Amino acid sequence: MSRMGDVLAGFHAAWEFESDSVLIRYERGIRTPKLFSALGERRIPLAAIEAVTLEPGRRGTVVLRIVPRPGADPLTEAAAGQLKDHSDPYRLVLPAERDALAEYYADELRAALTEAGPAERFLVAAPETPLSFKAYDAKASFDGRTVRFRWFWTGASSAKWKAGDQSFAVSELSGVEWRSPEVFEGHLRLLRGEDLPTQADQDPATVVFGLGYGAVHESLPFAAAVLAAVRRGRGPMAAVAAAGPRRDPADVAERIRHLGDLHSAGLVTDEEFSAKKAELLAEL
């Protein structure tokens, strides 16, 4: 491994290499992705790293990237592959003329890796609580032990108003499902055992995102913190984020028809229609 304390600075972040970890410090500024600013810094133990890649980037850059082991990082577990490249906190973008230096550090990191495969517990620290954000239909808050949803009369469905404001102890939960606000039907759903999922706007255990609500830099750290708390309280496998039990085919068909209506009306783009349709079909 390189000398402890070596620092490799790129666009929006700097990586400090230590004997047993990589400390990533994110810049703050108007051009820095908001998720980076919200995270501040992330310490990634070498034991949490599955792989290190180095690839050409866009517009004369190279990209050095850490790939966490499955189950090692609550943030990537909660994101479930939904983060866009520019919001990936484990990508370091550098000018192309620094590719030799980037390759050196990539090789050094690879040589120091000793673990592989799924991790039995989270090895990267979760975002610190308390955390809160505004969804379209509620304010969500988490103090480290209890998740609370307080419904907004301007956005919450009648079903949620009827159920009333909700409080969920971590001990009640089996996981978290985060669907990015940047895609159709973004939401945060709290999973409880074998409960059958309902539509997000009808489920009192779910808050719905929307334009300007539940932004990635607010809702994803929230989801990661809840997920980490659930795993601490229930053991290694209890907090794995999942899409829930398979749906009734008739329900999926109805939702696809509804999605098609939105697409025909111009309210959903071709890309959103295709992505959501594939997602629904995968739940059969």
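Given the structure is predicted, the values throughout are model-derived calculations rather than measurements.

So, the nonpolar core
Counting residues in each nonpolar core, the largest one holds 64 residues, and the members touching the most others are W15, V147, L188, L190, V207 and V226. Looking at which element gives the most residues to this core, the answer is helix α5 (residues 216-234), with eleven residues. Contacts of V147, omitting those with residues within four sequence positions, involve S141, F142, Q166, S167, F168, L173, L190, F222 and V226.

Looking at the packing of aromatic side chains
The final tally for this structure, using the stated rule, is ten aromatic pairs. Three or more aromatic residues joined by ring pairs form one cluster here, namely W15, F17, Y104 and Y105. One Lys or Arg, R231, reaches over the ring of F122 and ends 4.0 Å from the middle of that ring.

Topic: unusual backbone geometry
Residue P130 is bonded to the preceding T129 through a cis peptide linkage, with omega at 5°. When you line up the elements, P130 lands in the loop between α3 (99-112) and β8 (131-134). Unusually for a residue other than glycine, H12 sits at a positive phi of about 75°. Taking relative accessible area as the criterion, H12 reaches 24% and is therefore assigned partly exposed. Look at E185: it is not a glycine, yet its phi comes out positive at around 60°. Along the chain, E185 falls in the loop between β12 (175-179) and β13 (187-191). Here E185 falls in the partly exposed class, since its relative accessible area comes to 29%.

Some words on the side chain of K160
You can see K160 is positioned in helix α4 (residues 158-163). Relative accessible area serves as the criterion here: at 0%, K160 is assigned to the buried category. A polar atom in the side chain of K160 sits 2.7 Å from the backbone oxygen of T206. Setting aside residues no more than four positions away along its own chain, K160 makes contact with D137, W151, A200, D201, Q202, D203, P204, T206, V207 and V208.

With respect to the sheet that holds strand β7 (residues 91-95)
Spatial ordering of the open sheet is given by β5-β6-β7, a layout of three strands whose pairing is antiparallel. Each of the sheet's edge strands pairs with one partner strand only, and the pair in question is β5 (49-56) and β7. Neighbour to neighbour, the strand axes of the sheet diverge by 15° on average, direction disregarded. Pairing geometry for strand β6 (residues 61-68) and β7, over five bridges, is antiparallel. In the strand pairing of β7, L64 is matched with L92. Relative to β5, α3 is tilted by about 165°, and along the sheet it contacts β5, β6 and β7.

Considering the sheet that holds strand β11 (residues 166-169)
Sheet architecture is open: four strands sit in the order β8-β9-β10-β11, paired in antiparallel fashion. Sheet topology places β8 and β11 at the edges, where each strand pairs with a single neighbour. Each strand axis lies, on average, 10° off the axis of its neighbour in the sheet, ignoring direction. With four bridges joining them, strand β10 (residues 146-151) and β11 adopt antiparallel strand pairing.

Things to note about the environment of A278
Examined against the element boundaries, A278 turns out to sit in helix α7 (residues 270-282). Between the alpha carbons of A278 and I256 there is a distance of 9.6 Å; along the sequence they are 22 residues apart.

Thresholds applied
Residues numbered from 1 in each chain as written. Predicted model: local features only at pLDDT ≥ 70, side-chain atom pairs only at ≥ 80, totals over all residues. Heavy atoms only, no water. Core = buried A, V, L, I, M, F, W, Y, C linked by side-chain atoms within 4.5 Å. Buried < 20%, exposed > 50% of the residue type's maximum accessible area, 1.4 Å probe, protein only. Helix = DSSP H or I, 4+ residues; strand = E, 2+ residues; numbered from the N terminus. Contact = heavy atoms within 4.5 Å. Phe/Tyr/Trp six-rings, centres within 6.5 Å; stacked < 30°, edge-to-face > 60°. Lys NZ or Arg CZ within 6 Å of the ring centre and 35° of its normal. Polar contact = N/O pair within 3.5 Å; in protein donor to acceptor, adjacent residues only side chain to side chain. Pairing = 2+ DSSP bridges. Axes fitted to C-alpha atoms, helices over the stretch in contact; angles between N-to-C directions.

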